[in-house]
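Fold and contact review
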Amino acid sequence: MEGLYAFCVGLLTACGIFLALRGRSFSVVIGLTLLSYAVNLFLFASGRLKLNAAAVLGESEQYSDPLPQALVLTAIVIGFAMTAFAVILAMRARADLGNDHVDGTLPTLPNDLQQKSGGNQ
Amino acid sequence: MSSLIWLPFLPLLGTLVPLLFARFSRTACAFATAALPALTLFLILSHSGDIFHGERFQAAIPWIPAIGLELAFRLDGLALLFSILILGIGLLVILYARYYLSAQDSIGKFYAYLILFMFAMLGVVMSDNLIQLWFFWELTSISSFLLISFWGHKTEARKGARMALTVTGAGGLALLAGLLILGDTVGSFSLQDVLDNGDLIKASANYPVIVVLVLLGAFTKSAQFPFHFWLPNAMAAPTPVSAYLHSATMVKAGIFLMARFYPALADTNLWFLIVSLTGLATFLVGAYIALFQHDLKGLLANSTISHLGLITLLLGMGTDLAAVAAIFHIINHATFKASLFMAAGIIDHESGSRDMRNLNGLWKYMPYTATLAMVASASMAGVPLLNGFLSKEMFFTETLHQASLGSLSWIIPVLATLGGVFAVAYSTRFIHDVFFNGEPINLPKTPHEPPRYMRVPVEILVALCLVVGIFPSLIVGDLLLSAASATLNGPAPSYSLAIWHGFNYPLLMSVIALIGGLFMYYSRSHLFKFQAQFPTSDPKLVFESVIQFLTNKAARIIAATENGSLQRYIFFVLTFAVIMTASSLMKLNTTAGQRTEIPLDALSITCAVLLCLSALATVIWHRRRVIALLTLSVVGLIVSLAFAQFSAPDLALTQLSVEVVTVILLILALFFLPQKTPKESSPRRVVRDLGLASLIGGVIGTICYALMTRPLDTISTFFTENSKTGGGGTNIVNVILVDFRGFDTLGEITVLGIAALGIYKLIARMRLYMPSSDDSGLPWSEDRHPILLTVISQSLLPLALLVSAYIFLRGHNMPGGGFIAGLITSVAIIQQYVAHGVEWIKTRIKLDYQIMIGSGIGIATLSGLGSWVFGHTFLSSWFDYFYLPVIGKFELASAMIFDLGVFLTVVGATMLILANLGQLTTSERPVQKEHD
């Protein structure tokens, strides 16, 4: 099971980073969301995987590590705030700059594509 | 002596005084400004008797003792001497500047800078801690920058100030490095510990590095060759500044540093070589250049360089007597040079020129000032019966006793005499060219005597030159002795301060210097002709071109690396990160650890496959944004299932509710963003990014696997054991959040609140146009609020709120709590927004989400503060069990109030973000047809 779990974490990381390296704000936001899933799973796994061992006293015979859980719980909520901030920033950037590029200068595209790329209003 | 701590801060308080008094008359302002430094000087002098008896005052307030940070001051002989110079000459300069500055100059600003500098300088000489000393050292650089650039409308003032700051600032950085290594070597940043461990330092392998770095700081500050070029350019400052900074105080800070660390660093061959050779070179170069200056202040500046070189040379000689001579010359140079600068300022002020080719025969116009200036420059030349003569004699004596260059040691006294010849020559030039030598040429003003009180500071200083020259031991004997013993960190050697030592070599050298200097001045026309053959190079231009060269290089490197692409920066950072982690992973012998793995089951495999497929689908279809969003939400759901599977019910609930909120947020955002991403990455870039992403994914996966298969050594047993007894709850995760680590949670909800408010501000002035159709050109549905959704959501609301309340109340003992309850409530309210629209909600639910965030954080903080009332530490929780009929036994815990704060903040923040974003679609705004 651990191997499968680790594979999933690795895959989510890879997908998240690939998307974060794209040149448009929305792809970056999606990528960061994927990456935060991976990070949360990773941090959670540092308490080791246990089945039927909720960290509630009296509910089970052994308890999973509650500390990473507490950390990840706040991380999920803060992660939401971060995603929200990033996405609003992306919208504001589009409103103020007229496009959703985050890759420096505008890429050289054929005219018709350029027009479709979000530089229009 | 606890007042010692506050003593240096009196002038700092004084920086405000001139700003407050500037509206009154200039005299009032000057007197008010002088009050606090005068008080400080008085307080310091009141301790002088004890210091002369060998006492040393120290006081410290610890700050972070573990890393040696403290506020520590000391008052010993050396600090006393420098404090008197700083405050005494500072007071004279305040009086002088009152007459020097014109009506257009803001005298309040000038005095404020001056006092700030005075404070910084006092801090340097009284510091008893290395880091603190450095801090004040840098403050002198900054405040002197402000003073040099006081006439900021002049180009040369700005350039001179920049140059001084660059050179002394760079030296300051070297000094910091040196002091850090020094403190590390000794194991303490306390000055006294450093001074007492001289042998340890000199034996350490770090010693050469420390010496070079500390001396770099000292040499740049004290304008030693080859860093001397900034001082003449700093002459663009108003003359009171030059008199204060560039004769008596700031340039002496480097000398002070060498004297201060003399017991710790001096007395080695390395020290001797660097310090004495630098001093000798500076002494000669300064004296030579001074002779050929036409600007009065230029002559004085270069002569200052020369005298600083002389003091440095003395400090590098390694004998105790040479150190005494150095201290003595510090006093003497400060008195005659400050008075000469002031005299030069008077001449400039009353005649309108500083050019010695035009200034001639001023004796007729200002005989009184001329007398004063002549006495001071005679002292500079080393004429008997003046203080300059005494220390120069001591200097000559010490050069004769030097044997460090072996059989070539005779060079030092010969070169010292040569320097003396030049000193006499430029002093003679100062006297003869300015006050005699014919008639003034084309002066802008007819020269006349200055106002009475402008001359007073000069009179006092010149009087000091005379009395010290005639009765040396009576006037400065005690001060010199205590300063010398403080410098040596031990008893001072015996020496005599008499004027007449009989016929000996030093006297002969003085006579040669006097006669040779006069002869040199007499035949100056040949020398000037000879000098004119050299190509002139302006150090300012050289400096500017070096700076320009560096700026251009830096600009080119920046242009090559920083092209504004965020992706490019992330790429670099990630590449570096993967190299760092991968290289340490390679040291691990096996990937798998000892721990037995959980066997696989069909459900987990199915979920994992689904997760991987949806993640890949998100990547593959990321350009069709709505689809990517849907597949992304599948990933999120499976992640929450994973939390549920691996015994983290709280996380599963949180992830699930956050997932809902996130997807609603992203769909709302997508409404305003392009629906599709055009294909624009080159295949090469796709391959590059794929490669890096897979590499990092592989590394992270490996770490994760290696981590999970190794035994766990956790600190959580403490939480498990104390959760019920100490925190009163059985849900350990919740007890950690609201009790054990409650302070962290308080911080996190504050961050959440700040993020929400930031988003609110970003939305508030957003001007986005709403697309009137989707990306395939179809108009939006007319049915904005489907009746089915409206009815169901309305009936769901009370149920959802009930569930939320239940989750909240049981949170302390069962999975749940403020975070989750808050998210569920938010989802329930958002559902109403979606079903009915913003206008409908606004008339029915009147909630101010900003106030909600504020009160949430407020309640959480107050519940923490509440424990203070009962004498407990911040955020300790209280709980007890009660019994009520019908309901039965129940628990009340103060942690619940804290959790209520968390709940309110989460609801407030989530709703502030989503409700305001949703509002964008409804308010009256221009609608423009989208083309894509």
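Residues numbered from 1 in each chain as written. Chains lettered and ligands numbered in written order. Predicted model: local features only at pLDDT ≥ 70, side-chain atom pairs only at ≥ 80, totals over all residues. Heavy atoms only, no water.

This brings us to unusual backbone geometry. A cis amide bond, omega 5°, links Phe225(B) with the succeeding residue Pro226(B). By the secondary structure assignment, Pro226(B) is in the loop between α12 (207-221) and α13 (230-233). The phi dihedral of Arg48(A) falls on the positive side, at around 70°, and the residue is not glycine. Mapped onto the elements, Arg48(A) comes out in the loop between α2 (25-45) and α3 (66-97). For Asn52(A), which is not glycine, the phi dihedral falls at a positive 50°. (Helix = DSSP H or I, 4+ residues; strand = E, 2+ residues; numbered from the N terminus.)

According to the stated counting rule, one finds 30 aromatic pairs over all chains in the structure shown. Centre to centre, the rings of Tyr5(A) and Phe646(B) are 5.6 Å apart; their planes meet at 85°, and the pair counts as edge-to-face. On the criterion of chain membership, the pair formed by Tyr5(A) in helix α1 (residues 2-20) and Phe646(B) in the loop between α30 (625-645) and α31 (649-672) is interchain, its members lying in two chains. Taking relative accessible area as the criterion, Phe646(B) reaches 5% and is therefore assigned buried. In this structure an aromatic cluster arises from ring pairing among Trp6(B), Phe9(B), Phe73(B), Phe119(B), Phe135(B) and Phe136(B). Geometry around Tyr99(B) places Arg98(B) over its ring, the cationic atom sitting 4.4 Å from the centre. Above the face of the Tyr521(B) ring, Arg524(B) is positioned so that its terminal group lies 4.1 Å from the ring centre. (Phe/Tyr/Trp six-rings, centres within 6.5 Å; stacked < 30°, edge-to-face > 60°. Buried < 20%, exposed > 50% of the residue type's maximum accessible area, 1.4 Å probe, protein only. Lys NZ or Arg CZ within 6 Å of the ring centre and 35° of its normal.)

Attention now goes to α12(B). All names here are of chain B. With 15 residues, α12 should cover 21 Å at 1.5 Å per step; its first-to-last C-alpha distance of 21 Å lies within 8% of that length. Of all 15 residues in α12, eleven are buried; the element is thus mostly enclosed. Here α12 has its buried residues at Tyr207, Ile210, Val211, Leu213, Val214, Leu215, Gly217, Ala218, Phe219, Thr220 and Lys221. Positive phi appears at Ala223, one or two residues downstream of α12, with a value of about 55°. (Expected span 1.5 Å × (residues − 1).)

This next bit is on the confidence of the model for chain B. Do not read the predicted coordinates in detail wherever pLDDT is low. Residue and element names in this part refer to chain B. Per-residue confidence for chain B gives a mean pLDDT of 88, with 98% of residues at or over 70. Ranking the elements of chain B by mean pLDDT puts strand β4 (residues 888-893) last, at 72, and α12 first, at 95. Contacts of residues 924-932 to residues separated by more than four positions or lying in other chains number 20 contacts, the stretch itself having pLDDT below 50. The ipTM assigned to the predicted complex is 0.88, against a pTM of 0.70. (pLDDT = per-residue confidence, 0-100. Contact = heavy atoms within 4.5 Å.)

All right, on to the packing of helix α18 (residues 296-316) of chain B against helix α22 (residues 411-435) of chain B then. All names here are of chain B. Taken N-terminus to C-terminus, the directions of α18 and α22 make an angle of 165°; their axes are 11 Å apart at the nearest point. With respect to their mutual orientation, α18 and α22 come out roughly antiparallel. Here the hand of the crossing between α18 and α22 comes out left-handed. Contact with α18, carried on its side by Leu296, Leu299, Leu300, Ser303, Ser306 and His307, involves Tyr426, Phe430 and Val434 of α22 and no other residues of that element. (Axes fitted to C-alpha atoms, helices over the stretch in contact; angles between N-to-C directions. Parallel < 35°, antiparallel > 145°, perpendicular 65-115°, else oblique. Left-handed = near helix turned anticlockwise from the far one by under 90°.)

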